[in-house]
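Fold and geometry: a report
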Amino acid sequence: MSAFNELDQATRTELEAAAFRRLLRHLDDNKDVQNIDLMILADFCRNCLSKWMVSAADERGESLELEAAREYVYGMSYSEWKEHHQAKATPEQLAALDARQAKKDSQE
């Protein structure tokens, strides 16, 4: 059995891409998981993934619009996803997000 770092670069890239696509399918299958909950627990959300894709494209000298990246990540337009799947953040969620951010700020 090979260690991941012993695989050739092309195979590693393919495995990473497959895992990313699986993450997107998992998020799509769990639309009830709100972005704010992801931010509170993991410090990233679907929007972060979209922005990271745009950043990766920029690093490669490619142009990728944020809305196009969001459509890929969300599987639909961002406005459509918000309309059908995004609940209004509760005061508890907002407080938890603020507390997480304050903790991060204090560690910097």
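The model shown is predicted, which means the values in this text are computed figures rather than measured ones.

Thresholds, definitions, all that
- Residues numbered from 1 in each chain as written.
- Predicted model: local features only at pLDDT ≥ 70, side-chain atom pairs only at ≥ 80, totals over all residues.
- Heavy atoms only, no water.
- Helix = DSSP H or I, 4+ residues; strand = E, 2+ residues; numbered from the N terminus.
- Rg over C-alpha atoms; globule rule 2.2 N^0.38 Å.
- Buried < 20%, exposed > 50% of the residue type's maximum accessible area, 1.4 Å probe, protein only.
- Contact = heavy atoms within 4.5 Å.
- Areas by Shrake-Rupley, 256 points an atom, 1.4 Å probe, with all protein chains shown as cover.
- Lys, Arg positive; Asp, Glu negative; His and termini not counted.
- Charge placed at Lys NZ, Arg CZ, Asp CG, Glu CD.
- Polar contact = N/O pair within 3.5 Å; in protein donor to acceptor, adjacent residues only side chain to side chain.
- Salt bridge = Lys/Arg side-chain N within 4 Å of Asp/Glu carboxyl O.
- 1 Å grid on protein atoms, 1.4 Å probe; cavity = no way out; pocket = protein on both sides within 12 Å on 5 of 7 lines; lining within 4 Å.
- Points joined across faces, edges and corners; volume = space filled by probe spheres on them.
- Nonpolar A, V, L, I, M, F, W, Y, C, P; charged D, E, K, R; others polar.

Further remarks concern the overall build of the protein chain. When helices and strands are counted, the protein chain shows six helices and zero strands. Whereas a compact globule of 108 residues would reach a radius of gyration of roughly 13 Å, the protein chain reaches 17 Å, over 25% beyond that. Structurally, the protein chain occupies a C-alpha span of about 50 × 35 × 30 Å along its principal axes. Within the protein chain, the proportion of its 108 residues that are buried is 24%. Considering only residue pairs separated by 6 or more positions, the protein chain has 48% of its internal contacts joining residues 24 or more positions apart. When the accessible surface of the protein chain is summed, it comes to about 7,700 Å², and 52% of that surface belongs to carbon and sulfur atoms. Seen as two clouds, the 14 positive and the 21 negative side-chain charges of the protein chain have centres 3 Å apart.

Once that is clear, we can look at the side chain of Arg-70. Its place among the elements puts Arg-70 in helix H4 (residues 66–74). By relative accessible area, which is 12% here, Arg-70 ends up buried. There is a polar contact of 2.9 Å between the side chain of Arg-70 and the side chain of Glu-67.

A word on the pattern of salt bridges. Across all of its chains, the model carries three salt bridges by this definition. Note that Lys-104 is salt-bridged to Asp-43, the shortest N-O span being 3.0 Å. With Lys-104 in helix H6 (residues 91–107) and Asp-43 in the loop between helix H2 (35–42) and helix H3 (46–59), the pair connects residues that are 61 residues apart, well separated along the chain. The exposure class of Lys-104 is partly exposed, given its relative accessible area of 25%. Residue Arg-70 is joined to Glu-67 by a salt bridge in which the shortest nitrogen-to-oxygen separation is 2.9 Å. Of this pair, Arg-70 and Glu-67 both sit in helix H4, separated by three residues, roughly a single helical turn. Assessed through its relative accessible area of 43%, Glu-67 is described here as partly exposed.

With that settled, consider empty space enclosed by the protein. Gaps left between atoms show up when a probe the size of a water molecule is rolled over them. Here the structure, examined in full by the defined rule, presents one cavity of 30 Å³ or more. Approximately 30 Å³ is the volume attributed to the largest cavity. Lining the largest cavity, in full, are Leu-24, Leu-27, Asp-28, Arg-46, Val-73, Tyr-74 and Trp-81. At the level of elements, helix H1 (9–29) and H4 are the ones that each hand at least two residues to the lining of the largest cavity. No other element matches H1, which puts three residues into the lining of the largest cavity. When its residues are assigned to classes, the lining of the largest cavity shows five nonpolar, no polar and two charged.

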